Structures are given as structure tokens and as C-alpha cells.
Amino acid sequence: MKIVTIIGARPQFIKASALSKLIKKQKKIKEIIIHTGQHYDYEMSKIFFNQLKIPKPKYNLNIKSNYHGEMTGKMVIEIEKVLLKEKPDYTIVYGDTNSTLAGALASKKLCIPVIHIEAGLRSFSKNMPEEINRVLTDHCSDILFTPSKLAGQNLKKEGFSKNSIIRVGDIMYDVFLTFFNKLKKNKITYDIVVTIHRPENTNSKTKMLNIIQNLNDLSHKYSILFPIHPRTKKILEKYKILKLLSKKIKVTKPMSYKNILYYLKFANLLITDSGGMQKEAFFSKTQTLTIRDETEWPETVFANWNTLVQPIKSKIYNLTLERIFLKGKKIKLYGNGNCSKIIFKTLKKISKVKSE
Ligand code: UD1
């Protein structure tokens with residue numbers, strides 16, 4: 001059986017590494033990887049392939065764009081060409097990025113069945129590009145692997161048949177577990193880790209100014225690490241406000257997977273708007289403030305590990321003081337860390353049926 005896996009953005013490299021590792025070990029299922037090029041700086045792409053030993057993509061589409069429509073459109077065109085050439089039995093897509101949607105659309109239009117890993121998540125905010133990507137990708141998909149109970153419930157409400165939904169847990173947890181326990185305190189640590197990249201924050205100068213103000217105030221009390229996403233950096237430079245960040249805050253390039261887990265493990269708080277990092281903080285038992293109006297991981301909020309916060313004056317500062325040393329409920333929400341194994345077993349079953 002031949003599978004084409006389509007990835008393009010940082011969190012997808014991490015997710016794909018777990019399953020690709022298992023596929024690589026055998027011969028019955030062949031995987032071909034397409035990298036769309038959505039993330040391209042060394043720190044956003046290559047570093048993950050090296051550290052997580054992801055097989056080299058056979059195709060790199062090199063699609064870089066600032067506009068989502070143009071980016072997604074170009075991806076659909078180029079992915080279609082590869083699919084016509086490779087003629088896979090299945091396509092695998094991960095998560096909710098423009099690369100996910102483009103992969104699902106291009107496949108489905110060619111009647112190639114789509115497997116969506118991390119299906120069923122909803123933030124219920126149609127203003128988020130990721131929410132549109134999630135809903136449309138799910139509706140193009142034939143097999144929907146879900147990370148949580150709630151994700152399955154969301155899909156059932158949208159009319160998906162029970163048979164197409166398989167609850168497997170979170171594939172990021174598999175990767176997390178392979179690294180986390182081995183991390184020992186051997187260099188500087190920070191009280192707070194910060195990551196910001198969502199357009200709903202970065203597209204507003206006022207919001208970004210408020211975030212900077214809050215972080216600067218916090219930097220008098222706590223040590224802060226801010227690995228900055230390339231798009232956020234570009235935008236802060238455009239607004240001419242990057243220089244307003246306190247010199248006490250350690251600003252760095254985006255980090256490797258192992259490094260970000262290290263800092264998260266020994267931090268007391270994560271301030272973020274990332275989807276993936278909310279979960280990684282939950283796994284590492286680090287309290288989180290999420291600068292968004294909603295989250296696709298509401299279980300982390302119910303379990304008292306995560307709080308939504310608006311980027312307004314003193315709000316992030318005050319909530320930090322309240323929550324920085326709090327611990328939430330000890331609870332498992334996203335499976336047992338064997339998600340990739342369950343998916344791999346399912347693929348083997350499908351492959352067996354196909355060859356009979
Ligand atoms: C994307 C995903 C988001 C995911 C995030 C992880 C979508 C709509 N959003 O958002 O779900 O959480 O990745 O990082 O797909 N850029 C660089 N260098 C790079 C990579 C990107 O400069 O290596 C800049 C470029 O200006 C490019 C833009 O980022 O145009 C890409 O923006 P976008 O596709 O929205 O990506 P993210 O904001 O990273």
C-alpha cells in the first residue's frame with residue numbers, strides 16, 4: 001500500500017515523526033512525504049527533520065506566501081501534480097494548517113481517500129484560519145483519528161458516521177514521551193516561557209503593545225524566555241515595537257523540539273497562543289495562560305491547567321501572579337502515548353484487506 005503524507009508547518013513535522021518512524025521499519029506500507037514549504041527557516045523546519053529523524057521528503061514544493069488564499073491555492077495545484085504522478089492509495093494529513101487543507105482538498109478531488117490525524121477539534125471561532133482548515137479537512141476525510149472524547153462528539157454532531165471516527169489519543173503525546181523524562185536540569189531555566197504567533201494577536205498593534213507591556217511588567221519579577229516566531233518578529237518590526245520589549249526578557253530564535261520541552265519542563269508558567277504548546281504544557285504539568293478567546297483544547301481549561309486571557313492592560317500580569325504556582329488536576333485526557341501504534345495497526349489492517 002502506498003501512502004502520501006503531506007506536511008508543511010512546524011507542529012506537523014513533530015506529529016508526523018511518530019508514525020513515519022513506524023512505517024519506515026517495514027515494507028508493506030510505503031510512505032512518500034510531501035513538504036509544502038509553508039515553514040522554511042532552518043529553525044522552523046530542517047531542525048525538526050534532523051532531531052526527530054524524519055525521512056527526507058521526496059517532494060519539497062517551496063510554497064511561501066503571506067496570503068492564505070494564495071498559499072493554499074498554490075499548494076492544491078502542486079500537490080495535485082504529485083498525487084497524479086504517485087497515485088497513492090491514501091493521503092495522510094495532520095492538524096489544521098493551510099498545508100492540511102490543501103492536501104485534503106487536492107486528494108479528495110482526485111478521489112484519493114484522506115486520513116486526518118487530529119480530527120474533530122473545534123474552537124468554534126470561524127475567524128481563525130485554523131478553524132476553517134479543521135472543519136473543511138474533516139469533511140474531506142474518510143478516516144478521522146481523534147485525540148479526545150470531545151473531538152469525537154464534535155464530529156458526531158456534524159453528522160459523521162461512527163465507523164469513520166477512531167479515537168486514538170494525541171500523537172504529540174507519543175513524541176513528547178520519547179524526550180521528556182530524559183531531560184535533566186543542565187543549563188539555565190526560566191520562570192516563564194512565551195510564544196505568540198496567531199494572526200488574531202499579531203495582526204493587531206494594540207494587542208501586541210498590550211502583550212509587550214504585560215511581559216515587561218512581569219520581567220521585573222520573573223525570568224522570561226521568548227523564542228520568537230519569524231512572522232511575529234517581522235510584524236513587530238513592521239509596527240516598530242520590537243525594541244519596546246524589556247532587555248530583561250530573553251528573546252531567541254524559534255527553538256528545537258528538545259530545547260523547547262526543556263524550558264517548558266522547568267518553567268512555572270507558559271504564556272502562549274499556540275495550540276500545540278497548550279497541550280505540551282499540560283503534559284509537562286506547567287500552568288498555562290492562553291492569549292485567545294477560545295481554545296480547541298478546552299479539556300485543559302476544565303482540568304485547571306490552562307486559562308484563557310485577553311491581551312488587555314495588566315490582565316496577563318495579574319493572572320500570572322494568581323496562577324504561576326498553581327497545579328491543576330492529575331488527569332489523562334489525550335490517551336496513553338501509543339497513538340501512532342494504534343494508527344499504524346489500523347493502516348496495516350487496511351493494507352491487508354487491500355491486498356486480499
Ligand atoms: C501556522 C499554522 C498554525 C500553526 C503554526 C505553527 C496556518 C493557517 N497556521 O501558522 O496553525 O500553529 O503554523 O507555527 O497554517 N514564516 C517565516 N519563516 C518560516 C515560516 C514562516 O518567515 O520559517 C512566515 C512567512 O512570512 C510566512 C508566514 O510565516 O508567510 C506563514 O504564516 P502562516 O502560514 O500563517 O504560519 P504560522 O503563523 O506559522
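Refer to the preceding data block for the structure.
Residues numbered from 1 in each chain as written. Predicted model: local features only at pLDDT ≥ 70, side-chain atom pairs only at ≥ 80, totals over all residues. Heavy atoms only, no water.

**Observations regarding the nonpolar core**
Note that soluble globular proteins tend to have their nonpolar side chains buried in a common cluster. For clarity, the threshold we go by: Throughout, nonpolar core names a set of buried Ala, Val, Leu, Ile, Met, Phe, Trp, Tyr and Cys residues whose side chains join them through atoms within 4.5 Å. Only protein chains enter the accessibility calculation, which uses a 1.4 Å probe. A residue is then buried if its area is under 20% of the maximum for its type, exposed if over 50%, and partly exposed in between. Domain boundaries shown here were taken from an automatic or database domain assignment. By definition, residues are in contact when any of their heavy atoms lie within 4.5 Å.
In terms of nonpolar packing, the biggest core is built from 61 residues, with Leu19, Ile117, Tyr257, Ile343 and Leu347 touching the most fellow members. Structurally, this core is a two-domain feature, drawing no fewer than three residues from each of domain 1 (2-170 + 335-355) and domain 2 (180-323). Excluding residues that lie within four positions of it along the chain, isoleucine 343 makes contacts with Leu19, Ile117, Phe145, Val168 and Ile171. Of all hydrophobic cores here, the second largest spans 26 residues; its members include Ile192, Leu218, Ile241 and Leu319.

**As for the site of the ligand**
Rules: The rule for a residue being near a molecule or strand is that one of its heavy atoms must lie within 4 Å of it. Polar contacts, as counted here, are pairs of nitrogen or oxygen atoms within 3.5 Å of one another; within protein the pair requires one atom able to donate a hydrogen and one able to accept it, and residues that are adjacent in sequence qualify only if both atoms are side-chain atoms. Each accessible area value is a Shrake-Rupley result obtained with a 1.4 Å probe; residue values ignore everything except the protein chains displayed when judging cover. Lys, Arg, Asp and Glu make up the charged group, whereas Ala, Val, Leu, Ile, Met, Phe, Trp, Tyr, Cys and Pro make up the nonpolar group; the residues left over, Gly among them, are polar.
Around the ligand, the structure places 24 residues, and the nearest of them are Gln38, His39, Ser65, His229 and Lys234. Between the ligand and the protein, one listed contact pairs an oxygen atom with a side-chain N or O atom of histidine 229 at 2.6 Å. Look at the ligand: alone it shows 730 Å² of surface, and the protein chains cover 96% of it. Of the residues belonging to the shell around the ligand, the class tally is seven nonpolar, 10 polar and seven charged. A domain split of the shell around the ligand shows at least three residues from each of domain 1 (2-170 + 335-355) and domain 2 (180-323).

**Quick notes on the sheet that holds strand β1 (residues 2-7)**
Definition in use: Here, strands pair whenever DSSP counts at least two bridges between them. By definition, any uninterrupted DSSP run of H or I lasting at least four residues is a helix, any uninterrupted run of E lasting at least two residues is a strand, and each is numbered from the N terminus. Each axis is a line fitted through C-alpha atoms, taken for helices only over the stretch in contact, and angles between the N-to-C directions span 0 to 180 degrees.
An order of β3-β2-β1-β4-β5-β6-β7 is seen for the seven strands of this open sheet, with the pairing classed as parallel. The sheet is open, and its two borders are formed by β3 (59-60) and β7 (165-167), each paired with just one other strand. Strands β1, β2 (30-35), β4 (90-94) and β5 (114-117) of the sheet are contacted by helix α1 (residues 10-24), whose axis makes an angle of about 140 degrees with β4.

**Structural notes on the side chain of threonine 286**
Position of threonine 286 among the secondary structure elements: in the loop between α12 (275-283) and β12 (287-290). At a separation of 2.8 Å, a polar atom in the side chain of threonine 286 contacts the side chain of serine 284. Once you skip the residues sitting within four places of it in the chain, threonine 286 turns out to touch Leu264, Ala267, Asn268, Leu269, Leu270, Ala281 and Trp305.

**Let's talk about the pairing of β2**
Here is the rule: For the handedness criterion, the strands are oriented away from the viewer, and a crossover whose path from the first strand over the helix to the second runs clockwise is classed as right-handed.
By the criterion of burial, β2 is predominantly enclosed, with five of the six residues buried. The sheet contact formed by β1 and β2 spans six bridges and is parallel. Across the sheet, isoleucine 3 pairs through a bridge with glutamate 31, a residue of β2. Read as a crossover between parallel neighbours, the route from β1 over α1 to β2 is right-handed. As paired elements, β2 and β3 share two bridges and run parallel to each other. Pairing of isoleucine 34 across the sheet is with tyrosine 59, part of β3.

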